[in-house]
Amino acid sequence: MPIRIVHTADNHIGMPFRQHDDKTRERLLEERFTALERLIREANENHADFFVISGDLFDSTRVKNVYIERTVDVLRHFTGNSVLVLPGNHDFYSGEDTEVWKRFRKASSEFSNIELLVTPATVSFDVGGETVQFFPCPCPSKTGKEPVTGWIHSVDHNLAALRVGIAHGNVEGLGLDADDRYFTMTMPDLEALGLTTWLLGHIHVPFPTTSLGCDSQLFMAGIHTPDSVRCRHIGSAWLLDFEELRLKQYKQLHPGRLQFIRIEQNLHSGHDISKLQQTCNALDPDHVILDLKLSGQLSSDEQITFNQLVGEIEDAFQSCSLTVNVKRKIDEDIIGTHYPQGTLAEQLLSNLLADKDHPNDVALAHDLIKEISKE
Ligand SMILES: [Mn+2]
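Residues numbered from 1 in each chain as written. Predicted model: local features only at pLDDT ≥ 70, side-chain atom pairs only at ≥ 80, totals over all residues. Heavy atoms only, no water.

## Focus: the domain arrangement of the protein
Cut-off, in case you're wondering: Domain start and stop points were drawn from an automatic or database domain assignment. Note on definitions: a residue-residue contact is assigned when non-hydrogen atoms from the two residues lie within 4.5 Å. Buried area: the accessible area, evaluated with a 1.4 Å probe, that two parts lose upon being put together, summed over both parts. By definition, a salt bridge exists where a carboxyl oxygen of Asp or Glu is found within 4 Å of a side-chain nitrogen of Lys or Arg. Polar contact is defined as a pair of N or O atoms within 3.5 Å, subject to the rule that within protein one atom must be able to donate a hydrogen and the other to accept it, and that residues adjacent in sequence are counted only when both atoms are side-chain atoms. As a working rule, the residues Ala, Val, Leu, Ile, Met, Phe, Trp, Tyr, Cys and Pro are called nonpolar, Asp, Glu, Lys and Arg charged, and the rest polar, with Gly in that last group.
What the domain assignment reports for the protein is domain 1 (3–253) and domain 2 (261–374). Summarising the inter-unit geometry, the C-alpha centres of domain 1 and domain 2 are found 46 Å apart. On the side of domain 2, seven residues touch domain 1, which itself brings six residues to the contact. When residues of domain 1 are sorted by the area they lose upon contact with domain 2, Lys23, Arg27 and Val229 head the list and together hold 72% of the total. Inspection of the domain 1/domain 2 interface yields zero salt bridges. If you look at where domain 1 meets domain 2, you find five residue pairs in polar contact (both at pLDDT 80 or more). Residues that form the side of domain 1 that touches domain 2 fall into these classes: two nonpolar, two polar and two charged.

## Structural notes on the sheet that holds strand β10 (residues 218–220)
Heads up, the condition is: Strands were regarded as paired on the criterion that DSSP finds at least two bridges between them. Helical segments are the DSSP runs of H or I of at least four residues, strand segments are the runs of E of at least two, and each set is numbered from the N terminus. The angle between two axes is taken between their N-to-C directions and runs from 0 to 180 degrees, where each axis is a line fitted to C-alpha atoms and a helix contributes only its stretch in contact.
One open sheet holds the five strands; their spatial order is β5-β6-β7-β8-β10, and the pairing between them is mixed. The sheet terminates laterally at β5 (123–127) and β10, the two strands that pair on one side only. For this sheet the average axis-to-axis angle between neighbouring strands, irrespective of direction, equals 20°. One ladder, built from five bridges, connects strand β7 (residues 162–168) with strand β8 (residues 197–201); its direction is parallel. Directly across from histidine 168, in β8, lies its bridge partner glycine 201.

## Describing the pattern of salt bridges
Stated precisely, the cut-off is as follows: Burial classes: relative accessible area under 20% of the type maximum marks a residue as buried, over 50% as exposed, and values in between as partly exposed (1.4 Å probe, protein chains only).
Within the structure shown, the criterion is met by eleven salt bridges. Between arginine 262 and aspartate 291 there is a salt bridge, and its shortest N-O distance comes to 2.8 Å. Of this pair, arginine 262 sits in strand β13 (residues 259–267) while aspartate 291 sits in strand β14 (residues 288–298), and the two are 29 residues apart along the sequence. Judged by relative accessible area, which is 40%, arginine 262 ranks as partly exposed. The partner of aspartate 367 in a salt bridge is lysine 370, with the nearest N and O atoms 3.9 Å apart. Residue aspartate 367 and its partner lysine 370 are located together in helix α9 (residues 361–374), separated by three residues, close to a single helical turn. Connected through salt bridges with shared partners, the residues Arg262, Asp291 and Lys293 form a single ionic network.

## Quick look at the sheet that holds strand β3 (residues 82–86)
Overall, mixed pairing links the seven strands, which are arranged β4-β3-β2-β1-β11-β12-β9 in an open sheet. Edge positions in the sheet fall to β4 (114–116) and β9 (212–213), since each of these pairs with one other strand and no more. With five bridges joining them, strand β1 (residues 3–8) and strand β11 (residues 237–243) adopt antiparallel strand pairing. Across the sheet, the residue bridging to isoleucine 5 is leucine 240, located in β11.

## A look at the coordination of the manganese ion
Metal coordination angles in their ideal form are 109.5 degrees for the four-donor tetrahedron and 90 or 180 degrees for the six-donor octahedron. Applicable threshold: Listed donor atoms are N, O and S within 2.8 Å of the metal (Na, K and Ca: 3.2 Å). As water is not included, a site may look incomplete.
Within the protein, Asp56 (OD), Asn89 (OD1), His168 (NE2) and His202 (ND1) serve as the donor atoms for the manganese ion, at 2.2 to 2.4 Å. Ordering the donors of the manganese ion by residue number gives the pattern D-x32-N-x78-H-x33-H. With asparagine 89 in the loop between β3 and α3 (99–108) and histidine 202 in the loop between β8 and β9, the pair connects residues that are 113 residues apart, well separated along the chain. Each member of the pair, asparagine 89 as well as histidine 202, is classed as buried.

## Comments concerning unusual backbone geometry
What is expected of a backbone is that most residues other than glycine have negative phi and most peptide bonds are trans. Following phenylalanine 207, the chain continues into proline 208 via a peptide bond in cis, with omega recorded as 5°. Mapping proline 208 onto the fold places it in the loop between β8 and β9. Even without being a glycine, phenylalanine 17 presents a positive backbone phi close to 50°. Looking at where phenylalanine 17 falls in the secondary structure, it is placed in the loop between β1 and α1 (22–45).

## Describing the side chain of serine 228
As for its placement among the helices and strands, serine 228 is situated in the loop between β10 and β11. For serine 228, a relative accessible area of 9% translates into the label buried.

## A look at the packing of aromatic side chains
Selection rule: The pairing test for Phe, Tyr and Trp rings, Trp by its six-membered ring, is centres within 6.5 Å, and the orientation test on the planes gives stacked under 30 degrees, edge-to-face over 60, and tilted for anything in between. Charge-over-ring placement is defined geometrically: NZ (Lys) or CZ (Arg) within 6 Å of the ring centre, and within 35 degrees of the ring normal.
Scanning the entire structure with this criterion turns up twelve aromatic pairs. Relative to tyrosine 250, the ring of tryptophan 238 has its centre 5.4 Å away and its plane inclined at 90°; by these criteria the two rings are edge-to-face. Of the two residues, tryptophan 238 is situated in strand β11 and tyrosine 250 in strand β12 (residues 246–253); the sequence distance between them amounts to twelve residues. There is no split in this pair, since tryptophan 238 and tyrosine 250 are both buried. Chaining the aromatic ring pairs together yields one cluster made of Phe50, Phe125 and Phe134. When the ring centre of phenylalanine 33 is taken as reference, the NZ or CZ atom of arginine 70 above it lies at 4.2 Å.

## Some thoughts on the pairing of β5
Covered by surrounding structure in β5 are Val123, Phe125 and Val127 only, the residues Ser124 and Asp126 on the alternate face being uncovered. One ladder, built from five bridges, connects β5 with strand β6 (residues 130–137); its direction is antiparallel. Its bridge partner being in β6, aspartate 126 is matched across the sheet by threonine 131. Between the antiparallel neighbours β5 and β6 lie two residues, among them glycine 128 with a positive phi of about 50°.

This is the structure:
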């Protein structure tokens, strides 16, 4: 009998998104739930046996109760054997008083298919005659140097079972966490523990790097839907098939629908404005959280076209933040009206205006001269 697992992590339900405006914040908060809903639906459509969450389901240990209840309401719809929830480092488990998990337990108490993994001890299931043995490694705190996997050395492994480790933390070589504060594990150490596979969370980028394959001993879920412009993928989770105690195939799922895109552009001509327009036209205004950072110099005619375009973009995109620093382009007329011919300033600016390789310099010099003249 094949065993199928959907693996996710770092869902960060309740992430505050403080840097965004109210409307965008609301959308981003909502997306974390709806993406999880889509993933549960996809797991059900694929008849997955387990839905594994490898830590940081919640953004913090003090996430609002309504968010916890809503999350449980999403998870309870899983139709497979069990939803396995591991505390990560953001939603760590430090004992029975840990707020988020106390509330989660209460909210999920009537749903026997939701299992909270707060104890480092094996959990076994029978699926159609096969045994699956899970090895959960919950995080006891936000940071820590001790690997959470240490206990596995001293317990019995059922060699006739599919043995699946579930942990949350940095993996040497995969993350950027150079200071070792996040329960750093190494690939050789994980391999040495002798399990069939490892389902990990913490690094928001998925591993393996190919979306389809049959050979990997560890999986990093990747964040299920992007959380910022730093996220370079469209949201990730894994669909894993095991047969005869081995991984048969992995396939990447993409439950996210929102993308963060930052466009930084320097504008100096009508051509640059059309380029900006083309770039924005190619994006889906309902699913892109757009961050425009525009600078440069434009003539007064170009500025009219530019302002019009910016207005259109703002109208089209549901979420758009703007940082505009576009100055009036310095031309011969402007130099002529400000500085008498033959003066140092006039000569300097005219020379810089002719230097097409450095189109910003003339405006910079003009600003500097204005600044000095004020004093
Ligand atoms: Mn984490």
